[in-house]
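Remarks on the overall topology
The chain contents come next:
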Amino acid sequence: MSAVVSLADVDVLLTGDVIAHLDAQLISARRLLQLVLEQAAAIRKRDVRSVVALAGVLHAELQRRNGIEQERLRLLDRAGSRLGVNPGAVSLGLLEGLMHPQAAQSARERSAELRGLLEEVKREHYCNRMMMRQELAFVDHLLRLAHGDGDAGYDSGGDRPSATHSIGSGRHRMLDLEV
């Protein structure tokens, strides 16, 4: 984090590889975000074919990210060797000691953008999962109605109530007390 980096300490090759890696991570994260947003739109439209197709594309992008993760591990090994620390202890702050200040600033900006994108992907994917759960609970409800299973209700979590709570069972449990 020093503003002055000795030219002897600068590792131009590692710096270039780190910046290129962050760029690859950003491209992939932007693609993931685009996919989860498209999937959300398809879920809202109840476009099952698009939801399934996008799930396949999302899976392929996640597989591609596995390769990016392997590259990240190789970079951490290289940086750890160069810095004399365990690869798991390498941080961007430590890497900055091997970079020109402009490159370090660029890496910090890319890293911050990447963290933000990944957090947004996580949040949107979670929303998609909840929408899918809700849709599947509704389909399950309709199927139970169509099959005449007696208990056609479901709760807000999409779970089928137990038999002791069903309307047509003749018995109702009001309080469960343990003494």
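Residues numbered from 1 in each chain as written. Predicted model: local features only at pLDDT ≥ 70, side-chain atom pairs only at ≥ 80, totals over all residues. Heavy atoms only, no water.

As a further point, take the overall build of the protein. Regarding its fold elements, the protein presents 4 helices and 0 strands. Secondary structure elements of the protein, listed N to C terminal, follow the sequence α-α-α-α. Out of the 179 residues belonging to the protein, those deemed buried represent 29%. Within the protein, contacts between residues separated by at least 24 positions form 63% of all contacts whose residues are at least 6 apart in sequence. About 11900 Å² of surface is accessible on the protein, with carbon and sulfur atoms providing 58% of the total. (Helix = DSSP H or I, 4+ residues; strand = E, 2+ residues; numbered from the N terminus. Buried < 20%, exposed > 50% of the residue type's maximum accessible area, 1.4 Å probe, protein only. Contact = heavy atoms within 4.5 Å. Areas by Shrake-Rupley, 256 points an atom, 1.4 Å probe, with all protein chains shown as cover.)

So, about the side chain of Asn128. Following the sequence through the fold, Asn128 ends up in helix H4 (residues 101-147). Looking at Asn128, its side chain comes within polar contact range of the main-chain oxygen of Val36, at 2.9 Å. Excluding its chain neighbours within four sequence positions, the residues that come into contact with Asn128 are Val36, Gln39, Ala40 and Ile43. (Polar contact = N/O pair within 3.5 Å; in protein donor to acceptor, adjacent residues only side chain to side chain.)

Notably, Arg46 is not glycine yet its phi reads approximately 60°, a positive angle. If you trace the backbone, Arg46 turns up in the loop between helix H1 (12-45) and helix H2 (48-83). Judged by relative accessible area, which is 56%, Arg46 ranks as exposed.

With that settled, consider the pattern of salt bridges. Evaluation of the coordinates by the stated rule reveals 10 salt bridges. With a closest N to O distance of 2.8 Å, Glu135 and Arg46 form a salt bridge. On the criterion of sequence distance, the pair formed by Glu135 in helix H4 and Arg46 in the loop between H1 and H2 is long-range, its members being 89 residues apart. On the basis of relative accessible area, Glu135 is assigned to the partly exposed category, the value being 22%. (Salt bridge = Lys/Arg side-chain N within 4 Å of Asp/Glu carboxyl O.)

Turning next to the nonpolar core. With 30 residues, the main nonpolar core has Leu14, Val18, Leu95 and Met99 as its most contacted residues. If you list the elements that add at least two residues to this core, you get H1, H2 and H4. With 13 residues, the single largest contributor to this core is H1. (Core = buried A, V, L, I, M, F, W, Y, C linked by side-chain atoms within 4.5 Å.)

This part takes up the confidence of the model for the protein. In this model, the protein carries a mean pLDDT of 84, and residues with pLDDT of at least 70 account for 78%. Ranking the helices and strands of the protein by mean pLDDT puts H1 first, with 96, and H4 last, with 91. The model gives residues 163-169 a pLDDT under 50, and that stretch makes 8 contacts with residues more than four places away or in other chains. (pLDDT = per-residue confidence, 0-100.)

Right, let's get into a nonpolar patch on the surface. Together, Phe138, Leu142 and Leu145 line one region of the surface with nonpolar side chains, adding up to about 260 Å² of accessible area. Mapped onto the secondary structure, Leu145 falls in helix H4. For Leu145, a relative accessible area of 46% corresponds to the partly exposed category. (Patch = residues over 30% accessible without salt bridge, like charges linked within 9 Å, V, L, I, M, F, W, Y side chains within 5 Å.)

Moving on, we get to the packing of H1 against H2. The description of two helices packed together rests on the angle between their axes and the distance between the axes. Relative orientation of the contacting elements H1 and H2 amounts to 165°, with a least axis distance of 10 Å. The angle between H1 and H2 falls in the class roughly antiparallel. Both H1 and H2 take part in a crossing whose hand is left-handed. Taken together, the residues of the contact of H1 with H2 sort by class into 20 nonpolar, 5 polar and 9 charged. (Axes fitted to C-alpha atoms, helices over the stretch in contact; angles between N-to-C directions. Parallel < 35°, antiparallel > 145°, perpendicular 65-115°, else oblique. Left-handed = near helix turned anticlockwise from the far one by under 90°. Nonpolar A, V, L, I, M, F, W, Y, C, P; charged D, E, K, R; others polar.)

Turning our eyes to something else, we now look at the packing of H1 against H4. Viewed as axis vectors pointing N to C, H1 and H4 meet at an angle of 20°, and their least axial separation amounts to 8 Å. Compared by their axis directions, H1 and H4 come out roughly parallel. Remark: the crossing between H1 and H4 carries left-handed chirality. For the contact of H1 with H4, the class distribution of residues is 18 nonpolar, 7 polar and 8 charged.

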